[in-house]
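# Coordinate analysis (summary)
Chain by chain, the residues run as shown.
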Amino acid sequence: MASENNEPRSEEMPRKIALVTGITGQDGSYLTEFLLEKGYEVHGLIRRSSNFNTQRINHIYIDPHNADKALMKLHYADLSDASSLRRWIDVIKPDEVYNLAAQSHVAVSFEIPDYTADVVATGALRLLEAVRSHTVDSGRTVKYYQAGSSEMFGATPPPQAETTPFHPRSPYAASKVAAHWYTVNYREAYGLFACNGILFNHESPRRGENFVTRKITRALGRIKVGLQRKLFLGNLQASRDWGFAGDYVEAMWMMLQQEKADDYVVATEESHTVEEFLEVSFGYLGLNWKDHVEIDKRYFRPSEVDNLKGDASKAKEVLGWKPKVGFEKLVKMMVDEDLALAKREKVLVDAGYMDAQQQP
């Protein structure tokens, strides 16, 4: 694929240009890989940080001085800064904009609700307005993708489809609902090609370690090699529709290739509890999760979401999309990666470079 990306192109076939917010996240990294394989030039907006937070995309980063090969470019901006969004859209002139950036942790959104709303809800509005203003001034067509979430359905019983009423149960979910309707409004009011992808839970070895699936597999790897004994969790009966993030980014792209902008649920249409995730993951390594897991009330949310299970019929029929990775394959993929990580970590512990007692 790499050689294909670097082939010179004729003037008749210019590369498509994509702008991705949240490029350093799980979805941003998989989407960037996917778009580069499609021959795109990808521009990512990143926040300034005193620590590098580009681990998920380091393997595809090429120094911009190597101009012929550097098809992924990074720029400093923030969804809380409208001027930076408009400036980069004017400079980059993207064909497609993917808004994946967010304060995306549900539990954390109860701790920092104002910030969550500013980035997730108003941030999406700022980006939509920047895209709209650019299209008016330039006469160009820019297609926009808004990353929605199954958390928007909240307390609404499953299965959940595009027409299912929203009943958000967290500041994060309520902010995503606002972003969803801002996107619909800009589509209807201004004719913007703007799509909402209502993605159900999607995981991978690149998932953040404070999300329950990765928290489980990360701890499991450490337990297996003797670096940790206990794993503290909250509600084990919460049921989620879990898919592989690498599959879901293809659906995002497919939405923007349609003739008409619309909204789509993306899901596996299967639901599994946290307890089932524990059974499959620990069982894969020959362990009993009950010997290691303890319930800690601090991990229960103020308002719980009991069961999310998507109806992705529309995505299957209109987009021709369907998931390739099933639940057990996903779990084992994550366990394999985190077991390998734990083994590398143990080498450092045994050599005295790390303290194994940091975890219970």
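Above this text is the structure in question.
Summarised in this report is the structure supplied together with it. Here the structure is a predicted model, which is why all the values come from computation and not from measurement.

Take the packing of aromatic side chains next. Taken as a whole and assessed by the stated rule, the structure comprises eleven aromatic pairs. Centroid distance Tyr 30 to Phe 244: 5.5 Å. Interplanar angle 75°. Geometry classified as edge-to-face. Remark: Phe 244 occurs in strand E10 (residues 243–244) and Tyr 30 occurs in helix H2 (residues 26–37); sequence separation between them is 214 residues. The same class applies to Tyr 30 as to Phe 244, namely buried. Taking the centre distance of 5.4 Å and the plane angle of 90° together, the rings of Tyr 248 and Trp 321 count as edge-to-face. Here Trp 321 lies in the loop between helix H10 (313–319) and helix H11 (327–350) and Tyr 248 lies in helix H8 (residues 245–255), a separation of 73 residues in the sequence.

Let us look at unusual backbone geometry. In this model, Pro 158 is joined to Pro 159 through a cis peptide bond whose omega is -5°. Within the fold, Pro 159 resides in the loop between strand E5 (143–149) and helix H6 (171–190). Look at Lys 93: it is not a glycine, yet its phi comes out positive at around 55°. With respect to the element layout, Lys 93 can be found in the loop between helix H3 (82–92) and strand E4 (96–99). Of note in the backbone geometry, Glu 269 takes a positive phi value of approximately 70° without being a glycine. If you trace the backbone, Glu 269 turns up in the loop between strand E11 (263–266) and strand E12 (272–273).

Nonpolar side chains collect at one region of the surface, where Leu 348, Tyr 353 and Met 354 lie side by side and expose about 320 Å² of accessible area between them. Looking at where Met 354 falls in the secondary structure, it is placed in the segment after H11. Judged by its relative accessible area of 32%, Met 354 is partly exposed.

On to the pattern of salt bridges, then. Under the defined criterion, the tally for this structure stands at 23 salt bridges. Glu 96 serves as the salt-bridge partner of Lys 16, at 3.6 Å between the closest nitrogen and oxygen. Highlighted residues: Lys 16 in the loop between helix H1 (2–5) and strand E1 (17–21) and Glu 96 in strand E4, separated in sequence by 80 residues. Residue classification places Lys 16 among the partly exposed positions, given a relative accessible area of 36%. Between Arg 218 and Glu 345 there is a salt bridge, with the nearest N and O atoms lying 3.0 Å from each other. Of this pair, Arg 218 sits in helix H7 (residues 212–224) while Glu 345 sits in helix H11, placing them 127 residues apart in sequence. Residue classification places Arg 218 among the buried residues on the basis of a relative accessible area of 14%. The class of Glu 345 is buried, set by a relative accessible area of 10%. Here the salt bridges share partners, and the residues they tie into one network are Glu 209, Arg 214, Arg 218, Arg 222, Asp 338 and Glu 345.

With that out of the way, let us pick up H2. In this model, H2 (twelve residues) spans 17 Å end to end at C-alpha, consistent with the 16 Å of a helix rising 1.5 Å per residue. Counting buried positions along H2 yields eleven of twelve residues, so the element is predominantly enclosed. Residues of H2 that are buried include every one of Gln 26, Asp 27, Gly 28, Ser 29, Tyr 30, Leu 31, Thr 32, Glu 33, Phe 34, Leu 35 and Leu 36, and no others. A positive phi of about 90° marks Gly 39, the residue just after H2.

The residue Asp 338 is located in helix H11 in this model. In this structure Asp 338 touches Arg 214, Thr 217, Arg 218 and Gly 221, once residues within four positions along its chain are discounted.

Turning to the packing of H2 against H8, a few remarks are in order. With their axes 9 Å apart at the nearest point, H2 and H8 run at an angle of 65° to one another. When the axes of H2 and H8 are compared, the crossing they make is right-handed. Taking contact as the criterion, the partners of Gln 26, Asp 27, Tyr 30, Leu 31, Phe 34 and Leu 35 in H2 are, on H8, Ala 245, Gly 246, Val 249, Glu 250, Met 252 and Trp 253. For the contact of H2 with H8, a count of residues per class yields eight nonpolar, two polar and two charged.

The next subject is the sheet that holds E5. The strand order across the open sheet formed by seven strands is E3-E2-E1-E4-E5-E6-E11, and the pairing between neighbours is parallel. Looking at strand neighbours, the two that pair on one side only are strand E3 (72–76) and E11, the edges of this open sheet. Averaged over all pairs of adjacent strands, the angle between strand axes in this sheet comes to 20°, irrespective of strand direction. Against the sheet, H2 makes contact with E1, strand E2 (41–46), E3 and E4, and its axis sits at roughly 175° relative to E1, the strand it touches most. Sitting on the sheet, H8 touches E4, E5, strand E6 (193–199) and E11, and the angle it makes with E6 is about 155°.

Between its first and last C-alpha, H6 extends 28 Å over 20 residues, near the 28 Å set by a 1.5 Å rise per residue. Tyr 172, Ala 173, Ser 175, Lys 176, Val 177, Ala 179, His 180, Thr 183, Val 184, Tyr 186 and Arg 187 are the residues of H6 that are buried. Each element contacted by the buried residues of H6 is listed here: helix H4 (106–111), helix H5 (113–138), E5, E6 and E11. Following H6 by one or two positions, Gly 191 adopts a phi angle in the positive range, close to 75°.

Conventions adopted
- Residues numbered from 1 in each chain as written.
- Predicted model: local features only at pLDDT ≥ 70, side-chain atom pairs only at ≥ 80, totals over all residues.
- Heavy atoms only, no water.
- Phe/Tyr/Trp six-rings, centres within 6.5 Å; stacked < 30°, edge-to-face > 60°.
- Helix = DSSP H or I, 4+ residues; strand = E, 2+ residues; numbered from the N terminus.
- Buried < 20%, exposed > 50% of the residue type's maximum accessible area, 1.4 Å probe, protein only.
- Patch = residues over 30% accessible without salt bridge, like charges linked within 9 Å, V, L, I, M, F, W, Y side chains within 5 Å.
- Areas by Shrake-Rupley, 256 points an atom, 1.4 Å probe, with all protein chains shown as cover.
- Salt bridge = Lys/Arg side-chain N within 4 Å of Asp/Glu carboxyl O.
- Expected span 1.5 Å × (residues − 1).
- Contact = heavy atoms within 4.5 Å.
- Axes fitted to C-alpha atoms, helices over the stretch in contact; angles between N-to-C directions.
- Left-handed = near helix turned anticlockwise from the far one by under 90°.
- Nonpolar A, V, L, I, M, F, W, Y, C, P; charged D, E, K, R; others polar.
- Pairing = 2+ DSSP bridges.

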